[in-house]
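Here's the letter readout for the chains.
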Amino acid sequence: GLIQEELGAPRKALEFYMIAAHLTPRETALWKRLASMATAIGEDRKADYCLVKAARALPTDPDPLWQRAALCVR
């Protein structure tokens, strides 16, 4: 993902990061980062998916829920 990001390929980087996130499903910070990356490139469904994963990984953190609500409003 880092290499693709450096090469200027955000969609490809997102795909590689998604693989990494699935290998470490409790990594809330990574899921949040993926959500913001997906939103930046217009992948709202992937952003929503990542926010759901972040909320499940750390249920006491309200940020993914707020971000998901904002995404739904858009």
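Residues numbered from 1 in each chain as written. Predicted model: local features only at pLDDT ≥ 70, side-chain atom pairs only at ≥ 80, totals over all residues. Heavy atoms only, no water.

### Remarks on the environment of Ala-29
The test is simple: Helix and strand definitions follow DSSP, with helices as H or I runs of at least four residues and strands as E runs of at least two, each counted in order from the N terminus.
Along the chain, Ala-29 turns up in helix 3 (residues 28-40). Measuring from C-alpha to C-alpha, the distance between Ala-29 and Ala-57 comes to 9.8 Å, with 28 residues separating the pair along the chain.

### Quick look at helix 2 (residues 10-23)
Keep this limit in mind: Helix span, as expected, comes to 1.5 Å for every residue beyond the first. In what follows, residue pairs with any heavy atoms lying within 4.5 Å of each other are defined as contacts.
With 14 residues, helix 2 should reach 20 Å at 1.5 Å per residue; the first-to-last C-alpha distance of 20 Å fits that figure. The secondary structure elements touched by the buried residues of helix 2 are helix 1 (2-6), helix 3 and helix 4 (44-57).

### A short note on the confidence of the model for the protein chain
Note the cut-off: pLDDT runs from 0 to 100 and stands for how confident the predictor is about each residue.
Confidence along the protein chain averages 95 in pLDDT terms, with 100% of residues attaining 70 or more. When mean pLDDT is taken per element in the protein chain, helix 2 scores highest with 97 and helix 5 (residues 63-73) scores lowest with 94.

### Things to note about the pattern of salt bridges
What counts is decided by this rule: Salt bridge, as applied in this entry: a Lys or Arg side-chain nitrogen positioned within 4 Å of an Asp or Glu carboxyl oxygen. Exposure categories follow from relative accessible area, calculated using a 1.4 Å probe and restricted to protein chains: below 20% of the type maximum is buried, above 50% is exposed, and the middle band is partly exposed.
In the structure shown here, the tally under the stated rule is seven salt bridges. Measuring nitrogen to oxygen at the nearest pair gives 3.0 Å for the salt bridge that ties Arg-33 to Glu-5. Taken together, the residues Arg-33 in helix 3 and Glu-5 in helix 1 connect sequence positions 28 residues apart. Judged by its relative accessible area of 35%, Arg-33 falls in the partly exposed class. Where Asp-63 meets Lys-32, a salt bridge forms, and the shortest distance between an N and an O atom there is 4.0 Å.

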